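# Secondary and tertiary structure notes
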Amino acid sequence: MTTLTVTGPSLPRVIAAEWTKLLGLRSSTIVVVVTAAVSGLVTYLSANASSGDPGFDPLDSLTTGLPVAVIGPLVLGVLVGTGEFSTGMFRSTFAAVPRRLPVLVAQVVVTTALALLAAVLAVAAAVVGILPPASSRGITPDLLSEGTPQSLLGAGGFLVGAALFGLAAGALLRRTLPALLATIVVTLVLPVVLLLASELASDPLAASASNTVPTRTAVVNTIITFTPTGAGSLLTEPSSSGVDGAPNIGALGAALVLAAWVFVPLGAAALRLRRRDLV
Amino acid sequence: MIEAQALTKRYGPTTAVDGLSFTALPGTVTGFLGPNGAGKSTTMRLVLGLERPTSGTVTIGGRRYADLDAPLRTVGAMLDARSVHPGRTAFRHLLALARTHGIPRSRVDEVIGMTGLESVAGRRVKGFSLGMSQRLGIAAALLGDPGTLMLDEPVNGLDPDGVLWVRKLVRDLAAEGRTVFLSSHLMHELALCADRVVIIGRGRLLADASMPEILHQSERAGLVRVRTSDPALLVPALLQLGGDVVAQQDDVLHVRHVSLEDVGVAAGRAGATVLELAAEAGSLEEAYLRLTADSVQYQAGGAR
Amino acid sequence: MSGHRLLAVTFPRVLAAEWSKLTSVSSTLWIALGTVVSTLSLAFALGLFVRAGDAVSGASVAVSGSLFAQLGMLVLGVLVGAGEFSTGTSTVTFAAVPRRLPVLAAQTLVTVAVALPTAVVCLVGSALVTTAARSAAGLTLDPADAGTVRILAGYVLYLTGVALFGVGLGALVRRPTGALLAGVVLFVVLDQLLATNPGRITDVLRAALPAAGTRLFADEGALPTHLGAGGGGLVLGAWVVAALAAAAYRLRRFDVT
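Since we're looking at a predicted model, the values are computed, not measured.

Here the focus is the sheet that holds strand S1 (residues 2-11) of chain B. All names here are of chain B. Judged by pairing direction, the sheet is antiparallel, and its three strands sit side by side in the order S2-S1-S4 without closing on themselves. Only two strands of the sheet have a single neighbouring strand rather than two, namely strand S2 (14-24) and strand S4 (55-60). The sheet shows a mean angle of 20° between the axes of neighbouring strands, direction not considered. Direction of pairing for S1 relative to S2: antiparallel, over a ladder of seven bridges. Across the sheet, Ala-4 pairs through a bridge with Phe-22, a residue of S2.

Okay, here's the thing in structure tokens:
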């Protein structure tokens, strides 16, 4: 102990500590690898399935793997957010950092870093995934074509956002199963529910009759726009002018919606961490 | 009676238990010792059939655990005091366990009383201290009134009253003719309650002997400690008697091969003033440390 | 203690023990309650979008909360199947019942005993909260109609099946989060993914997924021609049997730690 100089925790040190913890877990590596693999595979299968279509554009399939690939970052975030509490690790963690909030900030930083890595790999895998179907039709996909760079950027942003949403929900709920369930319902099940609702709301007869959007459709589409998944699809489809009847919030608005899904629960988690006892 | 025959358990390349043979006899408290990672818990799980041996056998009263019709009636075990659903009350935990064997509710109340859990039996286990969990684990082990008890670290986390209670309990159970097999790292405690000791290291048997035999292995066994103001007079006298004398600090001499009485007599004859004279008892701790010196897996502050 | 000879592990006793375990944790009640509330809310909300002239039956409006109901059932089953292992209770349980398989069988039965009534409550409750929506759209719910009965019974059967699949998955994976994730991927994500890429191959794949069980309560008109309600039910049944069999194999052949 004679040569060991010990000083108090600082944010960079807490970040370094959280980074060590994150990389020490096997699940971190698994999440990154599986996310990239799933993204590439699903994109390939999807592009391959539609490569026979007459107007096939491989770039259209670029984000088809996203709904499945998003599970990886989501789980990563939830595991980081709840890990301290589900394992009892928090006792030593918050004994070392009694001000507590730096730990949450550090978790945001390291989760963003790892999710970014997963996102870059997943997007790269998706690009690789469309190449074989494209070449089978003799098409060379132009990644710099109108809207494509922004779409790829949006896909990456959506994946990182999902990880942070998972982290926020995890830090707020502190228990893995409920947090996982909540994030799954919001990101995966809610879109299906809304899809169902919009199918019910759409009126095949009225749609052709006039240009006005029925109120029910507008309501459902507005809700869709403000869900994480809806905002995510706006991010990846920059050319779209929103869905029928919903306010056109654009890519920037979509990014803000996604940010709100992250920062509202994160703020609540910070408040809980700061104000309430750790049990 | 627990009988292990060449018991071996491998997990891939790691050998947790390596050709282990030992017997825990009825009417006897058998202490089970070994450094962390020596394979004690694995051995206990093998006894309960929770894990299958790679080779070798372990039987209770001559039968494999999985072949028992009423396992809780034959063996009561506590492996990990935390093996309880945190959301369940202590009473419900014991009741569910009792129901698998048709053990009446009255027996559940009985073991709750025996372990002193009456006041907390209706509380969820989530809020239990380690000591209370430990008592609950022992209650579960006693539930079937078994002929063999197997306890992993039963006094871990107990208060002094609890430690005393466990000591008396295991002695009483053995006196009733039951087999008691327990592991502990608390050497003083074990020295007080065990009749026999099985020591393992890195999965292998290091010793299987009675407590006196084990104590005999201690470095201090047979050592006489004498403090004198006249070592110059006493040492030659002791050497003459054929003793081995090692001078320690503060005028203390460690003498071997001369009995306590003979040291006293020799001092009197030599005219040496004796300030202190005692026979050092062999300690289990020392015997254990000697036996396991080569097989400690995790050494504190070890060679870097 | 008297009558020691009577003590022995029998299946009815293991069943009683598992029932005692399931009913002694409050999470069981909360999951059942949460399932019913979320299912009813969803059915009510979706009922608001139903209008006269829509190509849906009254029965399908009553079962429209199924997306949430199946999640609740999955969680219920997963917690029963994986709970032993995630809480460490497994060593105590399987030391008491060293033959192990009776425990899994008992867990399956007690899960049915909770899932089936919960599904019925979801059904009846959903039917009640959608009454206004149905009458506004002129849709009837006729218990004498064979098609209606098939949908209502199919809904209850499907939800119970999902819970059983959860038990198998939980006991196989032994970790509740992993099992829940696998269940959601199999029941929701893959099905939706395939649904967005319609085609001959994807249709066949969809029919082979456990989500094919939803055909048990799909409207006659919405059923694909190649695999109907009964076929979908059989597919789900096969997944349930496969999951439970795999769990039984792992339990029987491998160590419990």
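Structure shown, so let's carry the discussion forward.
This next bit is on the interface of chain A and chain C. Where interface size is given, it is often the accessible area lost as the parts come together that is meant. Opposite the 23 residues of chain A that make contact, chain C presents 22 residues. The set of elements that each furnish at least two residues to the side of chain A that touches chain C consists of helix H2 (26-50), helix H3 (66-69), helix H4 (71-87) and helix H8 (176-201) of chain A. Per-element accounting of the side of chain A that touches chain C gives the leading share, 14 residues, to H8 of chain A. Here the side of chain A that touches chain C is built from residues that sort into 19 nonpolar, three polar and one charged.

On to the interface of chain B and chain C, then. Contacts between the two partners involve 37 residues from chain B, matched on the other side by 31 residues from chain C. When contributions to the side of chain B that touches chain C are tallied by element, the ones reaching two or more residues are helix H2 (71-74) and helix H3 (90-99) of chain B. It is H3 of chain B that provides the largest number of residues to the side of chain B that touches chain C, a total of five residues.

All names here are of chain C. Per the UniProt entry, the sites bearing "transmembrane region" (unreviewed entry) are residues 26-49, 61-83, 103-130, 151-173 and 227-249 in this numbering. The span residues 26-49 is 92% helical and 0% strand by assignment, and the distance between its end C-alpha atoms comes to 36 Å. The distance separating the terminal C-alpha atoms of residues 61-83 is 35 Å; by composition the span is 87% helix and 0% strand.

A few words on helix H1 (residues 11-23) of chain A. Since there are 3.6 residues in each turn of an α-helix, residues three or four apart along the chain are aligned in direction. Residue and element names in this part refer to chain A. Helix length check: H1, at 13 residues, gives a terminal C-alpha distance of 18 Å against a target of 18 Å (1.5 Å per residue), a fit within 8%. Looking at H1, one finds that the buried residues are Val-14, Glu-18 and Leu-22. Down the axis, H1 shows its buried residues gathered within 75° of arc, on one side only. Of the exposed residues in H1, those oriented more than 90 degrees away from the buried face are Pro-12, Thr-20 and Leu-23. Where H1 is buried, its residues contact H2, H4 and helix H6 (101-136).

Quick look at the environment of Leu-172 of chain C now. All names here are of chain C. Inspection of the secondary structure assignment puts Leu-172 in helix H8 (residues 146-173). Between the alpha carbons of Leu-172 and Thr-93 there is a distance of 16 Å; along the sequence they are 79 residues apart. When near neighbours in sequence (up to four residues on either side) are disregarded, Leu-172 contacts Ala-243, Ala-246, Ala-247 and Arg-250.

All names here are of chain C. For the pair helix H1 (residues 11-23) and helix H6 (residues 101-129), interaxial distance at closest approach is 9 Å and the crossing angle is 50°. As summarised for this structure, H1 and H6 are arranged oblique, according to the angle between their axes. Crossing of H1 against H6: the hand is right-handed. Together, Phe-11, Val-14, Leu-15, Glu-18, Trp-19 and Leu-22 of H1 and Pro-102, Val-103, Ala-106, Gln-107, Leu-109, Val-110 and Val-114 of H6 make up the contact between the two elements. Across the contact of H1 with H6, the residue classes tally to eleven nonpolar, one polar and one charged.

Quick look at the nonpolar core now. Counting residues in each nonpolar core, the largest one holds 239 residues, and the members touching the most others are Leu-159 of chain A, Leu-94 of chain B together with Leu-159 of chain C. Non-local contacts of Leu-159 of chain A, meaning those with residues more than four positions away in its chain, are made with Ala-69, Val-70, Pro-73, Ala-115, Ala-118, Ala-119 and Ala-122 of chain A. The next biggest cluster of nonpolar side chains, apart from the first, holds twelve residues, and it includes Val-224, Val-226, Leu-234 and Ala-266 of chain B.

Residues and elements named next belong to chain B. Located in the positive-phi region is Asp-145, a residue other than glycine, with phi close to 50°. The phi torsion at His-257 lies on the positive side, around 65°, for a residue other than glycine. Secondary-structure assignment places His-257 in the loop between strand S12 (252-256) and helix H10 (260-270).

Another aspect to go through is the UniProt feature "transmembrane region" (unreviewed entry) in chain A. Residues and elements named next belong to chain A. Per the UniProt record, the feature "transmembrane region" (unreviewed entry) sits at residues 23-45, 65-83, 104-131, 151-173, 180-198 and 249-271. Taken end to end, residues 23-45 is 91% helix and 0% strand, and its two terminal C-alpha atoms sit 31 Å from one another. Annotation note: span residues 151-173, helix share 100%, strand share 0%, distance between end C-alpha atoms 32 Å.

Residue and element names in this part refer to chain B. Burial within strand S8 (residues 196-201) is extensive, with six of its six residues counted as buried. Side chains Arg-196, Val-198 and Ile-200 project from S8 onto one buried face, and the interleaved Val-197, Ile-199 and Gly-201 project onto a second face that is buried too. Where strand S3 (residues 28-33) meets S8, four bridges bridge the pair, whose relative direction is parallel. Each residue of the ladder has a partner; that of Leu-33, found in S8, is Ile-199. Inspection of the sheet shows S8 paired to strand S9 (residues 204-210) by six bridges, in the antiparallel sense. Following the sheet pairing, Ile-199 is matched in S9 by Ala-207. Hairpin remark: S8 followed by S9, antiparallel, with two residues in the connecting loop; positive phi at Arg-202, about 50°.

A word on the sheet that holds S9 of chain B. Residue and element names in this part refer to chain B. With mixed pairing, the six strands of this open sheet are ordered in space as S5-S6-S7-S3-S8-S9. Two strands bound the open sheet, and with one partner strand each, they are strand S5 (75-78) and S9. Strand-to-strand twist of the sheet, defined as the mean angle between neighbouring strand axes without regard to direction, takes the value 15°. Across the sheet, helix H1 (residues 40-47) lies against S3, strand S6 (148-152), strand S7 (179-183) and S8, angled at about 150° from S6, the strand it touches most. Contacting S5 and S6, helix H5 (residues 130-142) crosses the sheet at an angle of about 165° to S5.

Attention now moves to the packing of H4 of chain A against helix H7 (residues 148-173) of chain A. The relative placement of two packed helices comes down to the angle between their axes together with the axis-to-axis distance. All names here are of chain A. With their axes 6 Å apart at the nearest point, H4 and H7 run at an angle of 30° to one another. Between H4 and H7, the angle falls in the class roughly parallel. Considering the relative orientation of H4 and H7, their crossing is right-handed. Between H4, through Pro-73, Leu-74, Val-75, Leu-76, Gly-77, Val-78, Val-80, Gly-81 and Thr-82, and H7, the contact on the second element is made entirely by Leu-159, Val-160, Ala-162, Ala-163, Leu-164, Phe-165, Gly-166, Leu-167, Ala-168, Ala-169, Gly-170 and Ala-171. Here the contact of H4 with H7 is built from residues that sort into 16 nonpolar, five polar and no charged.

Procedures and definitions
- Residues numbered from 1 in each chain as written.
- Chains lettered and ligands numbered in written order.
- Predicted model: local features only at pLDDT ≥ 70, side-chain atom pairs only at ≥ 80, totals over all residues.
- Pairing = 2+ DSSP bridges.
- Helix = DSSP H or I, 4+ residues; strand = E, 2+ residues; numbered from the N terminus.
- Axes fitted to C-alpha atoms, helices over the stretch in contact; angles between N-to-C directions.
- Contact = placed C-beta atoms within 7 Å.
- Nonpolar A, V, L, I, M, F, W, Y, C, P; charged D, E, K, R; others polar.
- UniProt positions renumbered as here; feature names shortened; annotations may be inferred.
- Expected span 1.5 Å × (residues − 1).
- Buried ≥ 20, exposed ≤ 12 C-beta atoms within 10 Å, placed from the backbone.
- Arc of directions from axis to C-beta.
- Parallel < 35°, antiparallel > 145°, perpendicular 65-115°, else oblique.
- Left-handed = near helix turned anticlockwise from the far one by under 90°.
- Core = buried A, V, L, I, M, F, W, Y, C linked by C-beta atoms within 7 Å.

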